[in-house]
Each structure stands twice: as structure tokens, then as C-alpha cells.
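Spelled out, the chains give:
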Amino acid sequence: MTAPALECDHLTRIAPGEIPARPLVQNVQFQLERGQVLAILGPSGAGKTTLLRMLNRLDEPTSGTVRLNGQDYRPMPPQELRRHVGMGMQRAYLFPGNVASNIQYGPTQCGAPLEAAQIEALLEQVGLPDYASRDVRTLSGGESQRVAIARALANNPEVLLLDEPTSALDDVAKQSIERLLSSVVHARHLTCVWVTHDHAQARRVADRVLLLEAGQTIALGSPEELLRA
Amino acid sequence: MLRLLFHTELSLGLAQATVVAVTATLVAILASRRGAHLQREIPLALLRGLVQILLIGFVLAVLLRGPWWTAIPLLAGMVLMAASIVRTRARAIPETYTLSLICLAAGAGVVITLMTLIGIIAPEIKMLVPVGSMVIAQNMNIQSLFLNRFLGELRSHTGEIESALALGASADTAVAPYLRSAFHASLIPATDNLRSLGIVWIPGIMAGMVLSGSSPVYAALYQFVVLGMIFTAGGISCLTATYLVPRRVFTRNQQLRIRG
């Protein structure tokens, strides 16, 4: 039997430096097979983003751990871990320069810059052909988010974490980015954890749903079971 | 006008200090009406500055008669005080006092020692203390600007820094553009001082040397030397900070401790 692609084992995070101790996430666990999409739903302050940030170790768990293909992530160097676990944020946060330099950012960090053709292929995948030399200041919100997705994919991750990637976009851009992400995740067979507050979006994109409230798991199951229209 | 009213040097000096303090306080009150809340900070800083400079005047009066080495504990004390003042500008950075102390020692400390050994600063207390204190004070300003600016950059670019980390960048790489920006900004006043030397301002040390009988050309050259020392000390301390700061703002696992 093969190990799950991503396993979250009793993850807990206590707010640092606060007395009395305030748990942000408590004892959360789930397992995802390769290619599965988990939507994390919950009200503001439920701990969705904190849970996501613990998965690529941008935040440190107080207890518990994460396993990638059965391997505990704690002994892994954080830089290596983050190349395997890509992340898309609410905003694109592009670096100054052109689109190509943003896409090159991750591969350059591990000393393996991409060829121009590889950059172009990534841009075509996110629907921005011939954008490589465009200055990022000239991009719209939706285009910036597409570049951020291509930038995360440039590292060729096995897991993709998405923190409300469509919440800062207008309705038209929101739908097209959601479609793009779904197609990329399925085409690359990525294991994906997608934080959203939109139940309809969770129904459309997810294979499984985790409902979080006050840092605790309320329910974990299929969208059909948990999110009846 | 004051000279007609006050006939002793001490009473004239106190009257001059009072007039300047009242004027600065009025400016602070006016500024507070425009939303800059300086009405408490400025009078306190003025009072503190006055008391400190008077005390150092008395201390110098005693020390200037002593052997040259008495300058060492005096300058070391100044570095310790400067580090505690720098700390107040960037308290959010962990262990700021130690960080500032190391950076000031690496900047002002090394420059003063080296310049004394070479013979640019005469090993006499009347030279070591005023010139050394000038280098330390300006180094303190540069260091405060650096840390304050860096903290601002860190808070306003948290998203970019964490995006870089999420893409597999090291903490040093993720924060490098903001260290560069802080480094550049902190040296602007020292650079501008060098650029405007003799055109926009004639600094105090040169005026003092001319008044005490030195040749104006030598006084001018020496003023340039002092500004060069200030720039060098500031540059070294900020360079040192660029190596030490990332270890304090990131955890061992390359997680950002300070977020916007």
C-alpha cells in the first residue's frame, strides 16, 4: 500500500507569545491521495490560513507534523520542502521586473534556471502566451494571479497550496482563474489544498472538504455529504 | 541683544539655550496641529540633550586634564548609550541592543581605533573625545535609520518576502532587496553631507579649528577627513547589520518572525 501524498498528523499551533495560550489550529488531521483536492472552509479567524501555512512550514506547528509521501517533513530543509509544496496566495505579490524573471525565481534558487521555451510553455498553460517580456506593473489583477500560478508551477511541485486565490479578483477574473487552477491541478495530477470561504467554489473544485471552526475540525468528508446546495 | 543682557559666559549660554529650546518647542506644537505628535517627544529630547551636554561639559573639563587613555572608557560608554538609543527605533527586531552594539563597535569602534593607530586622530584626549563622539553619534543616526527603514520595508513587503520563501528562496535571498533599500536610505544623509561640504554648510569642527588658530586649509582638509570617517563607520556598521539582521528576523526554519 502506498503512503498518502499529503498527510496532516494532529497539527496544532498555539499563538506565539500570548498568555493565556490561544490555539489557532488544534489537532487537525487528514490524508490526501495524489491528485486529490481538499477544500478548507470556515469563517474568518477559523485558522484556515494558519493550517495552510503550516503545510509548507511558513508557520511552525506547536505539535504534530506533516508527511509527504510518508516522509516526515521536519528533518527536510525548509527550502527543499517549499520547492515540493508550491503556494498561491490571495494576492500575486510579483517581484519587480518582467514576467519571465518572476517565473525564473524559483528554479534559479536551486541553480536550475528554465530555458526560454519552458517559460513560454508555462505561460501558455496559464493563458498568457508572449507575456514573458512584459513588465509586471502593466498587468491586470487576473493576469498577475496567472503569472503567480505559473511562478509556483515553475518549481514543478507535487503539492499546491492555495490561499483564497480568487478572493481579491472581480467576478470575471475569479471564474477564469478558478477554471485555470482546476485544469492545471488535474492536468498535472497535483495534490491540492484550497482555502476558500465560498461553498459553491468548494463544491466545484474539491474532492474532499474540511470544515474548520475556531481552529478545530468540525467535519471532514465529500462535498456531496457536507455541502448540500 | 542677549549679549547686552547677560554678561557672564554661563548666563549667556543658558539664555541662548532657553531661546532655542522655546523656539523648537513652538515648532513641535505647531507640527502637532498638523498631526505629527511631537509635543511630548521634542521637549523631552531637548531637556535630555541639554542636561547631557552640560554634564559632558563638566566631565570634559575634568577629563581634559587627565591621561589620553581616559578617552577609552568614555568613548566605550558613548557606544553603549548609542546602542540603547538605536534599540528604541527598532524594538520589534529581537535582540536589537546586542545587534546595535556589535554594529556600532564594528563601525565607529574599528574606525576610531584604526584612525588613531594610523595617526589621523591624535592620541590626545582633547582630540579623541570630540572627534570620536562625532563619529559615534553619526554612526548611531545611520544605524537607527537603517534598522527603522528595514523594519518598515519588512512590514510593508511581508507578502513578497513570504512569496519568495514559498518559492524556495533562502531567508537571506528573500530579504536581500529590503536590506539593500535600507542600506541605501540610511547613508543618504552622510552622502549628502559629503556632497554639500563647503557649499551648503561649513561644519562645526572646521569653524572650531579656525577659531582656535589652525590654518583654514588644514581645518578644511580635517573636516573632510572627519566626514569620511563618519561615512566609513556608518557603512561598516550597516554592512555588518545586513549579515546579522536576517538571523534575527527569521527563525531557524526560515519563517518570518515579524509580519506586516
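The rules behind the values
- Residues numbered from 1 in each chain as written.
- Chains lettered and ligands numbered in written order.
- Predicted model: local features only at pLDDT ≥ 70, side-chain atom pairs only at ≥ 80, totals over all residues.
- pLDDT = per-residue confidence, 0-100.
- Helix = DSSP H or I, 4+ residues; strand = E, 2+ residues; numbered from the N terminus.
- Pairing = 2+ DSSP bridges.
- Axes fitted to C-alpha atoms, helices over the stretch in contact; angles between N-to-C directions.
- Contact = placed C-beta atoms within 7 Å.
- Nonpolar A, V, L, I, M, F, W, Y, C, P; charged D, E, K, R; others polar.

Q: For this particular structure, what's the right way to read the confidence of the model for chain B?
A: Do not read the predicted coordinates in detail wherever pLDDT is low. All names here are of chain B. For chain B, per-residue confidence averages 88 on the pLDDT scale, and residues scoring 70 or more make up 100% of the total. Here helix H10 (residues 204-211) stands out as the element of chain B with the lowest mean pLDDT, 76, in contrast to helix H7 (residues 158-166), whose mean of 97 is the highest. Under the prediction, the complex receives an ipTM of 0.95, its pTM being 0.85.

Q: Would you take a moment to explain the sheet that holds strand E7 (residues 159-163) of chain A for this structure?
A: The pairing of strands in a sheet comes from backbone hydrogen bonds and takes either a parallel or an antiparallel form. All names here are of chain A. Pairing within the open sheet is mixed, and its six strands lie in the order E6-E7-E8-E3-E9-E10. Only two strands of the sheet have a single neighbouring strand rather than two, namely strand E6 (85-88) and strand E10 (216-221). The mean inter-strand angle of the sheet, taken between neighbouring strand axes irrespective of direction, is 15 degrees. Where strand E3 (residues 37-41) and strand E8 (residues 191-195) come together, four bridges link them in parallel fashion. In the strand pairing of E8, Leu-38 is matched with Val-193. Across the sheet, helix H5 (residues 141-153) is in contact with E6 and E7; its angle to E6 comes to roughly 175 degrees.

Q: Hey, could you run me through the interface of chain B and chain A in this one?
A: With 15 residues of chain B at the interface, the matching set in chain A holds 20 residues. A total of six residues in the side of chain B that touches chain A trace back to one element, the largest contributor, which is H7(B). Here the side of chain B that touches chain A is built from residues that sort into four nonpolar, nine polar and two charged.

Q: Please clarify how the environment of A:Arg53 should be interpreted in this entry.
A: All names here are of chain A. One can find Arg-53 in helix H1 (residues 48-55). Here the alpha-carbon distance between Arg-53 and Ala-150, two residues 97 residues apart in the chain, equals 20 Å. With residues near it in sequence (within four places) discarded, Arg-53 still touches Leu-58 and Asp-59.

Q: Help me understand the pairing of strand E4 (residues 63-68) of chain A, please; the structure alone is not making it clear to me.
A: The two faces of a sheet get side chains in turn, since along a regular strand they alternate between them. Residue and element names in this part refer to chain A. In terms of strand pairing, strand E1 (residues 6-14) meets E4 through five bridges, oriented antiparallel. Looking at the pairing, Thr-12 lines up with Ser-63 of E4. Two elements, E4 and strand E5 (residues 71-72), share two bridges in a ladder whose sense is antiparallel. Residue Leu-68 lies in a different strand from E5, and its bridge partner there is Gln-71.

Q: Would you explain the sheet that holds E4(A) in this entry?
A: What the four strands build is an open sheet, ordered E2-E1-E4-E5 (chain A); its pairing is antiparallel. Both edges of this open sheet fall to strand E2 (23-32) and E5 of chain A, since each of them pairs with a single strand only.

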